[in-house]
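# Reading the structure
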Amino acid sequence: MTLSSLRSQPIDESIIREQVLSTDNHDGRHFNTNFILSDAEKILRLGMGTTEEVMVEKLNQVVELNNIYEQLPYHIRQVSIEIVSGLNAKTAIQQHSTILGVLRKLCWYSWEDKMVLMLAGFSVIYGEYIILDSRLCKGDTKLRGLVKKLGSLRQNNLVEIPPSYTEKVIVDCLSSVLELTKSVVELKKCPYYFPPPSIILALPMTTYWIVTTLINLSAACACVAHFKVHQNELEELTALIAKIQATFSPELSKKKAEESFQILRHAWYHNSFSNRIELFKLMFNVKEDEEKIFQWRNNFWRLNYWRNDQTDLLLITSGFDISNEQIDFLNWFYNNSSPYIIWIPIMQYNVAWTTEDEHHFEKVKKRMHNLHLLNDPPKRLLPQFTRFIKEELFSKFKMRRWGEEAILVSIDRKGRIVHSNVMHMILTWAPHYIQENTIEVQRLYNITRLVAKEVKEGTIGVNRVLPEIDEMINDFLSEIGDKINAWADLVDSRIRKVLEESTPYRSDREKDLWQQETTWSLNLLAPKFQSYQAIGELIKDWIQEEKYIFLYGGNDIKWVQEFTSKVGKVGSKTQLNIELVYVGRNKKIRGIIDEKRMSHSPLHNSASVWWFWTRLRNMFLSRIHYLDVTDCPVKEYNNDEILQGLKKLLGYESTNTTIEGWALLCKGAKVIVCGHGTKMLRVMNEYQIWKENIAPKGFGQAFKDHHDDMIFMNRHSCCTLEYPINLDKIPENETCYECSRSMHKFLTFTCCHGHDVDSNKD
């Protein structure tokens, strides 16, 4: 009965499924699936591609592979015999019984392994068809010798001459079965990917139809008289197998994508490559090392241009969302440091760029004159790299909405991630300060002194019988000292070698830098930052001279004018040279201060305003990260003096704040007090009350004591503190610095283009 006539009858597939499931008794045994499948495929591929010009050597391969099977579990031979027995099936019921018989022979194996063993069993038969084809053996004594070596399972079935095993219908059907089996096996192999339940549920019936197809293929090869009948069955089975394959193909694509992603992920975190070129090949679509995939200053660079002795930072943006000020800073940073910066824009969706995208890309690219660029990002970016950025890096900083700030990923010489966002670090500390090597062996002079003490105490009185003992002790101590110093030098040289092969832009380096900053000071606010120094150059001498310095800001010109006037009057009365520095973001007030020369105004342009306040914001985020990696609980953040100082300044100068002004008083680098503008002005207005304390306490302490003792209730102006949504840890509760009440939490959508630069509040 043909398959067509079988299908024309009403068949309850659920019954067949139950019968198929009843044959399964998987006990956990397994074998080298890849080995057997590979050898089976060699035989099948050789047969499907064979012509009448088949070489003796290739036929020898078939014999050799079939001989290998002799050492494998006898189930392969049993399956071969069972499939051949299906040639005697005259009815659909008999064929169905043969199929179930094959499945029972393999009941101990998983469904995937059953498919492989069935294909291996068929390959034994197919290999014999290749050798026994009379058209190949005719007149060739060597081939006749191979036939005798192999022997035949078909026995009495050899009376008929088989048709060519290269008939197209056979090849097409066999190819479909082979590809389906390989797909199923490949889905099983991936440790990172688990097929959905629909695929798992489909395996029993897939196995059933594979063995059905193999039995029909065997019959088609053996029975030339009824080949046309079998041809119809095979065409129908080929279509069925193709339909089943269509359900596996999407999952196979997902599995391959998952494998690529996991390989890249492992490389970024645990890379064992000798160079970064191999890593770049996992990130970018590049086949040859000679391909020019990078652009720098109108020049195109090959992949192998990237050396192992340089430091690399990857600038990753969501689309083209990066401010002009940030680009200018990165250009400056490149000129004053060693890292190469590669810009990689990641689009929200994996779609082709529009004309508008291309225009925007070219516009941003023109400003990045010191940065390396990925040439043609839509073509070069591989899906697994884009996914890694979105899931591992952007997700790490909780970028819940597209359009967040750019991140700067630091990778070492082997391409491993050593800092997932170094942007906060480079905005907080100057490049030369980050690159300074502070790790070294402290000189071990104490050991020499201890040894000298022990030796001298242990040889007391020896000089009475050994006059030269003092000289011997000195020689011994000198030798010990030389060995200790030589050992320390050796350790230092190894440290230098390790650091030279690494990069200073690491998470542990950021931790080291924070451990050196133990107090809240003006040095943190105004470092010397070369051309990006802002107020650093202005007040560095004042810090050394231990001058009193007022940093202040605000949006109320009346308050600013009154505060500067009062500070000037108090300074003249106390005969103190008190320096006033306006660092607020209000462009209008800054212009009035410059025009009337009311005080120093070092933030004279948008770039310096952006740098100063962006730097403080990034310092704030970096400090939180430091407290996090040192296992400081979130509730203990309020005990950190540096973090609280940064919070105050950012809260006072926030875009949404309503306070008139604020002021911070320092003596040299030491921060004395920082407070609300109205309260600070009131302290100055009440100078007559606390002036008597200046002589015994000093101006700064007298000012602070009166400030702290003052009862101040401000009901009309409040400060606000803005946490970026991409922060790892945001406190559940925040207390106002002025009234000590719990602050309300709002979700605010703020345009990120330039709002941190200049403010024009009236």
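Note that the structure is predicted; figures quoted are calculated from it, not measured. (Residues numbered from 1 in each chain as written. Predicted model: local features only at pLDDT ≥ 70, side-chain atom pairs only at ≥ 80, totals over all residues. Heavy atoms only, no water.)

### Some remarks on the overall build of the protein chain
Test applied: Under the DSSP-based scheme used, a helix requires at least four consecutive residues in state H or I and a strand at least two consecutive residues in state E, with every element numbered from the N terminus. Accessibility here uses a 1.4 Å probe with only protein chains present; expressed as a share of the type maximum, an area under 20% marks a residue as buried, one over 50% as exposed, and anything in between as partly exposed. Residue contacts are counted whenever heavy atoms from the two residues lie within 4.5 Å of one another.
Looking only at helices and strands, one finds 32 helices and 11 strands in the protein chain. Within the span of the protein chain, comprising 762 residues, buried residues form 52% of the whole. Taking the intrachain contacts of the protein chain between residues at least 6 apart in sequence as the baseline, contacts between residues at least 24 apart amount to 76%.

### Considerations on the pattern of salt bridges
Note the threshold: Throughout this description, the term salt bridge denotes a Lys or Arg side-chain nitrogen within 4 Å of a carboxyl oxygen of Asp or Glu.
Taken as a whole and assessed by the stated rule, the structure comprises 24 salt bridges. With its nearest N and O atoms 3.7 Å apart, the salt bridge here joins K483 to E479. Of this pair, K483 and E479 both sit in helix α21 (residues 469-500), separated by four residues, roughly a single helical turn. Judged by relative accessible area, E479 falls into the partly exposed class, the value being 44%. Taking the shortest distance from any N to any O, the salt bridge between E545 and K547 comes out at 3.7 Å. Look at the salt bridges and you will find they share partners, linking E41, R45, E179 and K182 into a network.

### So, the pairing of strand β2 (residues 299-302)
The criterion, for reference: Strand pairing is defined by DSSP finding a minimum of two bridges between the two strands.
In terms of strand pairing, strand β1 (residues 292-296) meets β2 through four bridges, oriented antiparallel. Considered in β2, the bridge of W296 is made with N299. Counted along the chain from β1 to the antiparallel partner β2, the turn is two residues long, and its residue R297 has a positive phi close to 50°.

### So, the packing of helix α25 (residues 557-574) against helix α29 (residues 677-685)
Stated formally: An axis is simply a line fitted to the C-alpha atoms; with a helix, the fit covers only the stretch in contact. Between two such axes, the angle follows the N-to-C directions and lies from 0 to 180 degrees. In this scheme, a crossing is called left-handed if the near helix is turned counterclockwise away from the far one by less than a right angle; it is called right-handed if the turn is clockwise. Side-chain classes are defined by residue name, with Ala, Val, Leu, Ile, Met, Phe, Trp, Tyr, Cys and Pro counting as nonpolar, Asp, Glu, Lys and Arg as charged, and the others, Gly among them, as polar.
α29 packs onto α25 with a crossing angle of 30° between their chain directions and a minimal axis gap of 10 Å. Both α25 and α29 take part in a crossing whose hand is left-handed. Of the residues in α29, those touching α25 at W559, E562, F563, K566, V567 and V570 are G677, T678, M680, L681, M684 and N685. Class assignment for the residues of the contact of α25 with α29 results in seven nonpolar, three polar and two charged.

### Focus on the nonpolar core
To be explicit about the condition: Here, nonpolar core refers to any group of buried Ala, Val, Leu, Ile, Met, Phe, Trp, Tyr and Cys residues whose side-chain atoms link them within 4.5 Å.
Membership of the largest hydrophobic core comes to 72 residues, with the highest contact counts inside it found for L315, L330, I426, W613 and L664. Looking at which element gives the most residues to this core, the answer is helix α27 (residues 606-629), with 12 residues. Here L315 is in contact with I322, L330, I341, I342, W343, I344, M368, L371, A406, I407, L408 and M423, once residues within four sequence places are set aside. Among the nonpolar cores identified, the runner-up in size contains 63 residues, and L87, I99, V171 and L217 belong to it.

### Notes on the sheet that holds β2
Pairing in this open sheet of seven strands is mixed, and the strands run β2-β1-β5-β4-β3-β6-β7 from one edge to the other. Strands with a single pairing partner mark the edges of an open sheet, and in this sheet they are β2 and β7 (417-419). For this sheet the average axis-to-axis angle between neighbouring strands, irrespective of direction, equals 35°. Pairing of β1 with strand β5 (residues 372-374) involves two bridges; the strand directions are antiparallel. Among the inter-strand pairings, F294 is bridged to a residue of β5, identified as L374. The strands touched by helix α15 (residues 355-367) are β1, β4 (340-346) and β5; relative to β4, the strand with the most contacts, the crossing angle is about 165°.

### Digging into the packing of α25 against helix α26 (residues 587-596)
Taken N-terminus to C-terminus, the directions of α25 and α26 make an angle of 35°; their axes are 10 Å apart at the nearest point. The chirality of how α25 crosses α26 is right-handed. Taken together, the residues of α26 that come into contact with α25 (itself represented by I557, V560 and Q561) are I589, I592, I593 and K596. Classifying every residue of the contact of α25 with α26 gives five nonpolar, one polar and one charged.

### Here's the deal with the pairing of strand β8 (residues 548-554)
With seven of seven residues buried, β8 is to be regarded as a mostly interior element. Of the two faces of β8, both are covered, the one formed by Y548, F550, Y552 and G554 as well as the one formed by I549, L551 and G553. In terms of strand pairing, β8 meets strand β10 (residues 661-667) through seven bridges, oriented antiparallel. Looking at β10, one finds that Y548 is bridged to K667. By the bridge criterion, four bridges tie β8 to strand β9 (residues 579-582) in an arrangement that is parallel. What sits directly across from L551, in β9, is V581.

### Observations regarding the packing of aromatic side chains
Basically, it comes down to this: Two rings from Phe, Tyr or Trp (for Trp, the six-membered ring) form a pair when their centres sit within 6.5 Å of each other. Planes less than 30 degrees apart are called stacked, planes more than 60 degrees apart edge-to-face, and all others tilted.
Following the criterion strictly, the structure yields 36 aromatic pairs and no others. With a centroid separation of 5.0 Å and an interplanar angle of 75°, the aromatic rings of W429 and W514 are classed as edge-to-face. One end of the pair, W429, is in the loop between α18 (423-428) and α19 (431-435); the other, W514, is in helix α22 (residues 507-515), and 85 residues separate them in sequence. Comparing W429 with W514, the two get one shared label, buried.

### Points about the sheet that holds β9
Backbone hydrogen bonds hold the strands of a sheet together, and the pairing may be parallel or antiparallel. Judged by pairing direction, the sheet is mixed, and its four strands sit side by side in the order β9-β8-β10-β11 without closing on themselves. Of all the strands in the sheet, the pair left with one neighbour each is β9 and β11 (670-676). Between one strand axis and the next, the sheet turns by 20° as a mean value, whatever way the strands run. When β10 meets β11, the two strands line up antiparallel, connected through six bridges. Bridging across to β11, L664 finds its partner in C674.

### Here's the deal with the side chain of E653
By the element assignment, E653 lies in the loop between α28 (641-652) and β10. Ignoring sequence-local partners within four residues, the contact set of E653 consists of G553, G554, G584, R585, W613 and W662.

### Focus: the state of the cysteines
Note the cut-off: By definition, disulfides here are pairs of cysteine sulfur atoms that lie within 2.5 Å.
Summed over the entire model, instances satisfying the criterion amount to zero disulfides. Between C666, a cysteine without a disulfide, and C674, which holds the nearest cysteine sulfur, the sulfur-to-sulfur distance is 8.7 Å.

### What about the environment of I711?
Within the secondary structure, I711 sits in the segment after α32 (699-709). Along the chain, I711 and K679 lie 32 residues apart, while their C-alpha atoms are 9.3 Å from each other.

### So, the confidence of the model for the protein chain
Quick note on the threshold: The predictor reports its confidence for every residue as pLDDT, a score running from 0 up to 100.
With 77% of its residues at a pLDDT of 70 or more, the protein chain shows a mean pLDDT of 79. Contacts from residues 50-56, a stretch scored under 50 in pLDDT, to residues over four places away or in other chains number 10 contacts.

### What to know about unusual backbone geometry
Negative phi characterises most residues that are not glycine, and trans characterises most peptide bonds. With a phi angle near 60°, Q575 is a residue other than glycine that sits in the positive phi range. By the secondary structure assignment, Q575 is in the loop between α25 and β9. For Q575, a relative accessible area of 74% translates into the label exposed. Here R597, not a glycine, exhibits a phi torsion of approximately 50°, which is positive. Secondary-structure assignment places R597 in the loop between α26 and α27.

### So, the side chain of T213
With respect to the helices and strands, T213 occurs in helix α11 (residues 197-222). For T213, a relative accessible area of 0% corresponds to the buried category. Once you skip the residues sitting within four places of it in the chain, T213 turns out to touch C173, V177, L237 and I241.

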